[in-house]
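Working through the structure, step by step
What follows is the residue order along each chain.
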Amino acid sequence: LWTSDNIIDDLVDKVRAQVGSAKVLLALSGGVDSSVVAALLHKAIGEQLTCVFVDNGLLRKNEGDMVMSMFAENMGVKVIRANAEDLFLTRLQGVSDPEQKRKIIGNTFIEVFDTEAGKLKDVNFLAQGTIYPDVIESAASKTGKAHVIKSHHNVGGLPEDMKFELVEPLRELFKDEVRKLGLALGLPYDMVYRHPFPGPGLGVRILGEVKKEYADILREADAIFIEELHRADWYHKTSQSFAVFLPVKSVGVVGDGRRYEWVISLRAVETVDFMTARWAHLPYELIERVSNRIINEIEHVSRVVYDVSSKPPATIEWE
Ligand code: XMP
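Each chain has its residues counted from 1, following the order in which its sequence is written. The model is predicted, so local features are restricted to residues of pLDDT at least 70 and side-chain atom pairs to those at 80 or more, both for listing and for counting; the totals for chains, interfaces and linings are taken over all residues.

Every axis in this analysis is a line fitted to C-alpha atoms, fitted for helices over the stretch in contact. Angles between the N-to-C directions lie between 0 and 180 degrees. Segments assigned H or I by DSSP are reported as helices when at least four residues long, segments assigned E as strands when at least two residues long, and all are numbered from the N terminus. Close contact between helix α1 (residues 4-19) and helix α2 (residues 32-45) brings their axes to 9 Å; oriented N to C, the two are set at 65°. The angle between the axes of α1 and α2 places the two elements in the roughly perpendicular class. Read as a crossing pair, α1 and α2 show a hand that is right-handed. Residue-level inspection shows Ile8, Leu11, Val12, Val15, Arg16 and Val19 of α1 in contact with α2, the latter providing Leu40, Leu41, Lys43, Ala44 and Ile45. In this classification, the charged set is Asp, Glu, Lys and Arg, the nonpolar set is Ala, Val, Leu, Ile, Met, Phe, Trp, Tyr, Cys and Pro, and all remaining amino acids, among them Gly, are polar. When its residues are assigned to classes, the contact of α1 with α2 shows nine nonpolar, no polar and two charged. Note on terminology: angles under 35 degrees are roughly parallel, angles over 145 are roughly antiparallel, angles of 65 to 115 are roughly perpendicular, and the others are oblique. For any pair of crossing helices, the crossing counts as left-handed if the nearer helix is rotated counterclockwise from the farther one by less than a right angle, and right-handed if it is rotated clockwise. Once C-beta atoms are placed from the backbone, any two residues with those atoms within 7 Å are in contact.

Below is the structure:
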């Protein structure tokens, strides 16, 4: 019988049988999958679990603090926060090609994670939030069919020579099952049903070269958009919604003067499988409220646009 409690008991038993009294390391991203693994392993093996959370400076507003307060403070999970914003931004300096940016972010992630892992003693197991669709996708990409998504998370993203045995308790589960487990394990609804967020984060939502100034502006704009979506009860009617930073200067008027500031695009889509998607038909009043707030509250934004492109031929992300 498929109930979350049955599955949890079963997975807890399996994890215990696999790792015994050994120590386990988990890269916690704050996304649904790794969060559910963290909660599950905490239940199964408690103190034997150590999580590493890499703050790459490309996260959404308050995301790092939220992850720390939820897991470390509320649940008592051991979490090491690696503040690596400077390193990531330095590596990204002068790079504007999207695939290049993805590679740099992915490699830097592995490097930071490795460094943190290297400081821990006697860790034999590496846990990952691999779910069934990742397994399928990874198999497809080996035959050259799938494009390079999830390029640094989950299956196949870690160095060949890593000497850990993998613990992948969600490997046979679909996303909706993982979400149900998350709720049953006590994770908050808002975290379990949060929109997906790409591994390279804001790095691919800032078009072209990534700069801290851009990331800070984008974080604020994105937070306003998401807040208003929640307030209007539209967040869960869309599958993925976010702001994009366009590094072009557009004119606006302030008092008697003209100012040239950045442009923010809002993106919201409805999709079942993320392979095809329709732009969300948000109410005009909602878009208007978001636009007014972004322009009024963020000094260096002069214009907000709404993306009305469907996938295909457009993609969901802008890079
Ligand atoms: P696209 O833009 O290809 O996005 O229509 C489809 C889904 O994949 C996510 N995405 C990524 N996820 N690393 C990730 O982990 C990536 O490099 C990446 N690129 C796109 C995107 O957010 C959407 O959910």
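So that's the structure; there's more coming.
Glancing now at the confidence of the model for the protein. Confidence in the prediction for the protein averages 92 pLDDT; 93% of positions are at 70 or higher. Low pLDDT (under 50) marks residues 144-157, which in the prediction has 28 contacts with non-local residues, meaning those over four places away or in another chain. Under the prediction, the complex receives an ipTM of 0.99, its pTM being 0.91. Every residue is assigned a pLDDT by the predictor, reflecting its confidence on a scale from 0 to 100.

Bringing the domain arrangement of the protein into the picture now. The split into domains, and so the bounds of each, comes from an automatic or database assignment of domains. Domain annotation for the protein reports domain 1 (4-192) and domain 2 (205-306). On a C-alpha basis, the centres of domain 1 and domain 2 stand 28 Å from each other. Taken together, the 10 residues of domain 1 in the interface contact nine residues of domain 2. Taken together, the residues of the side of domain 1 that touches domain 2 sort by class into four nonpolar, three polar and three charged.

Okay, helix α10 (residues 284-297) next. Taking 1.5 Å as the rise per residue, α10 with 14 residues should run 20 Å; its terminal C-alpha atoms sit 20 Å apart, in good agreement. Counting other C-beta atoms within 10 Å of each residue's C-beta, where C-beta atoms are placed from the backbone, gives the exposure class: buried for 20 or more, exposed for 12 or fewer, partly exposed between. If you check which residues of α10 are buried, you get Val290, Ser291 and Ile294. Seen end-on, α10 carries its buried residues on one side only, within an arc spanning 100°. Summarising the geometry of α10, the exposed residues directed more than 90 degrees from the buried face are Glu285, Glu288, Asn292, Asn296 and Glu297. Contacts from the buried residues of α10 go to α9 (212-231), β7 (257-270) and β9 (301-306). A helix is expected to span 1.5 Å for every residue after the first. Directions are taken from the helix axis to each C-beta atom, and the arc is the one they span.

With respect to topology, five strands assemble into an open sheet ordered β3-β2-β1-β4-β5, the strand pairing being parallel. Pairing within the sheet leaves two strands with one partner each, and these edge strands are β3 (78-83) and β5 (165-167). The sheet shows a mean angle of 30° between the axes of neighbouring strands, taken without regard to direction. Strands were regarded as paired on the criterion that DSSP finds at least two bridges between them.

With respect to the helices and strands, Ala38 occurs in helix α2. A C-alpha to C-alpha distance of 9.2 Å links Ala38 and Gln128, two positions 90 residues apart in sequence. Not counting residues within four places of it along the chain, the set of residues in contact with Ala38 comprises Leu26, Leu28, Cys51, Phe71 and Val77.

Right, let's talk about the nonpolar core for a bit. Core analysis: the largest hydrophobic core is formed by 75 residues, its most contacted members being Val24, Leu26, Leu28, Leu41, Cys51, Ala221 and Ile264. Here this core takes nine residues from α2, the largest share from any one element. A domain split of this core shows at least three residues from each of domain 1 (4-192) and domain 2 (205-306). With near-sequence residues (within four places) excluded, Leu41 lies in contact with Val15, Val24, Leu26, Leu49 and Ala127. Defined on buried residues, the nonpolar core groups Ala, Val, Leu, Ile, Met, Phe, Trp, Tyr and Cys residues joined through C-beta atoms within 7 Å.

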